[in-house]
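# Tertiary structure, described
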Amino acid sequence: MSIRTKLLISYMILILVPSLGMWFVDDWILNKVTQRNIVYAEEGVEEVSNANYQISKKLLTTYGKYIIEDKAQDVATELSYLLRGRKTYNYQALRSNEELRKVAVQEIRTAHGIAGYTIVFDKNGINLFHPDKKVEGQNYALWKDRYPEMWQLLNRAIKEKKVTGYLTFFDQHNHVRQRYTASVQVAGTPFVAAAVVNIDEFFLPIHQQIKDACQETIATAKKSIKKHTREMNQTLKLGGVIAGTLFTIVALLFGVYFAASISRPLRRLQKGVEEVGEGNFAVAVPEKGAREVVQLAHSFNLLGEQLTDYIAKRDFIRDTFGRYVTQEVVKRLLESAEALELGGETREVTILISDLRGFTALTADMEPEEVVTFLNRYLGKMIEILTDAHAVIDEIIGDGILAFFGAPEPLEDHPLRAVACALAMQAAMEEVNARNHADGLPHLEMGIAVNTGQVVVGNIGSEKRTKYSVVGAHVNLASRIEAYAVGGQVLIGPATFLRVRDHIKVGETLLVKMKGIPGQTSLYEVLGIGEPYNIHLPERYETLTPLAAMMPVHLQRISEKIVIGETEKAWITHLSETSAAIHLEGELGEWEDVRLFLLDPSGREILQRIFAKVTTVKAGAGNEKDAQIRFTSVAPEIYPIILQAIGRG
């Protein structure tokens, strides 16, 4: 029976007593009714409070499980980044690594203190990391008989990727408690990360708040009932029989109001808690009734708002911010206030720079909307590959991309990862160009440079505009290497080559002289990489074929996208899919950029162009020169002419 019904029945009894003229039992009856009303009020409030506690317990336990499972997954993911790929593990060295310990052993807190922690053990049951260092190095089999539930969960965690469950233990007061544990295998390692908490730590504080509110409500109800009883007794004695009818009406109305003022808010609150338990955090209950009921309703509404706000902000920040920087940077910024501070650190990273060859010329006659669609198709594929490789995309300028590996989270294999990513990007150009061809769009060629070295990495800018970026001489060197990369080519610097040479297939080696760098620098063309990446670029026919008849061309020298010289006396003497040998009269320097126009039989220029880079120049008699060039961009209409000239058409 509800509180309202019980209270109304009690008031009906109070009405019948004066109506029957039972003056001699007035005090005795009112006293008994008062005590009964207090009991009913206590029972009703306790019933609602118990219901609220059970629902809150279910909600907060589910929320606690989510936090625990998420924490175990986060630790496993971070350890996988730090430890995967190793053949052997020195446990003593791992334990002495403070960075690993901070990742492996973390406290799980609530608003009321520490509720649990994370641990790491291997697939033999040996504890690697534990908050109690005395436990580290011990095998969980020692506690197999004492804690069979723990042992069963541990055995499952060793065999299964993700395991969750409960286990029972006794606290320092010898009370039975429950712990909830979530275990996740650390990918690429023999370890398992686990999060363990006393699950009731998540709902006991709320339970205590509900219990306190219940006691306050009961006290107020007792006081109100006793006060009302005294007033009724005086009215009965003063009014007597003449005021009986009026008293009956007033008492009945007041009883209805009083019962409703207690029962209605509590019923609404109970319904609201049920909706929250079903996942509707936006539910709100009216803050009406007694002061204690109002406070309880206000606390409930505040809890729903906080849960809704937290989930909305978390999802919005991760989804939206993740489109502008990588997930690693987003995670660092969300989890650490210090990550927003300006400044940086010196760290070895590997820089990757890519750029499309001849993109400006290819899109000169296209509409702006078409250029954006054309460019986004290319960038979408490249960004997908970079993100999968855990690169930080520093900047996208037009058709150029600057990215780096090894920060903010350290990666021991960042040179190898960067080279594999560059090869994957070049290999993906076949898919991009197939879609371009289907839509009648030009063929794209991309050059990529990879360089490894010490740079400054961190938050660069001002308080109003900050960017997580890298600066330093090795970034500039990567940019200069990119200038020597022709379409379809991946060039790496000397430092990167020393780190990956046992894993890659090398093509030609270039000896070049760069601005600001004394002497010559060796650049290495990468054609493929072995396991676990196993990426190899398709072979190109690069053998120069002598032409039966020299092919006349107009040649323009280009610097910073500006024509600085031109000669009409030039002929292609040898040709391949990727390069050509040219005899000319005029000026030409090694590693200059040039633009060629083929001529039709009448000597007029064919509109489609070839962009290339000069690799060697040999002086001949007078002003004559023989040069070799590598194509950086060839218009699609020119390829059939080249293939026919070398007998492959």
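Bear in mind the structure is a predicted one, so any value in this text is a computation, not a measurement.

### A word on the pairing of strand E6 (residues 191-198)
Summarising burial for E6: eight of the eight residues are buried, a large majority. Taking every second residue as pointing to the same face, both faces of E6 are buried, with Phe191, Ala193, Ala195 and Val197 on one and Val192, Ala194, Val196 and Asn198 on the other. As judged from the seven bridges shared by strand E2 (residues 113-122) and E6, these two strands associate in the antiparallel manner. Each residue of the ladder has a partner; that of Gly116, found in E6, is Val197. The pairing of strand E5 (residues 176-185) with E6 spans seven bridges and is antiparallel. Pairing of Ala182 across the sheet is with Ala195, part of E6. Taking the residues that link successive antiparallel strands as the turn, the E5-E6 hairpin has five residues, and the phi of Gly188 there is positive, at about 80 degrees.

### Considering a nonpolar patch on the surface
A cluster of nonpolar side chains, contributed by Val456, Ile460 and Val471, occupies part of the molecular surface with about 200 Å² of accessible area. You can see Ile460 is positioned in strand E10 (residues 446-461). You can call Ile460 partly exposed: its relative accessible area is 34%.

### So, the pattern of salt bridges
Evaluation of the coordinates by the stated rule reveals 17 salt bridges. The residue Asp600 makes a salt bridge to Arg604 at a minimum N-O spacing of 3.6 Å. Here the residues in one salt-bridge network are Arg95, Arg101 and Glu136, joined through shared partners.

Conventions we followed
- Residues numbered from 1 in each chain as written.
- Predicted model: local features only at pLDDT ≥ 70, side-chain atom pairs only at ≥ 80, totals over all residues.
- Heavy atoms only, no water.
- Buried < 20%, exposed > 50% of the residue type's maximum accessible area, 1.4 Å probe, protein only.
- Helix = DSSP H or I, 4+ residues; strand = E, 2+ residues; numbered from the N terminus.
- Pairing = 2+ DSSP bridges.
- Patch = residues over 30% accessible without salt bridge, like charges linked within 9 Å, V, L, I, M, F, W, Y side chains within 5 Å.
- Areas by Shrake-Rupley, 256 points an atom, 1.4 Å probe, with all protein chains shown as cover.
- Salt bridge = Lys/Arg side-chain N within 4 Å of Asp/Glu carboxyl O.

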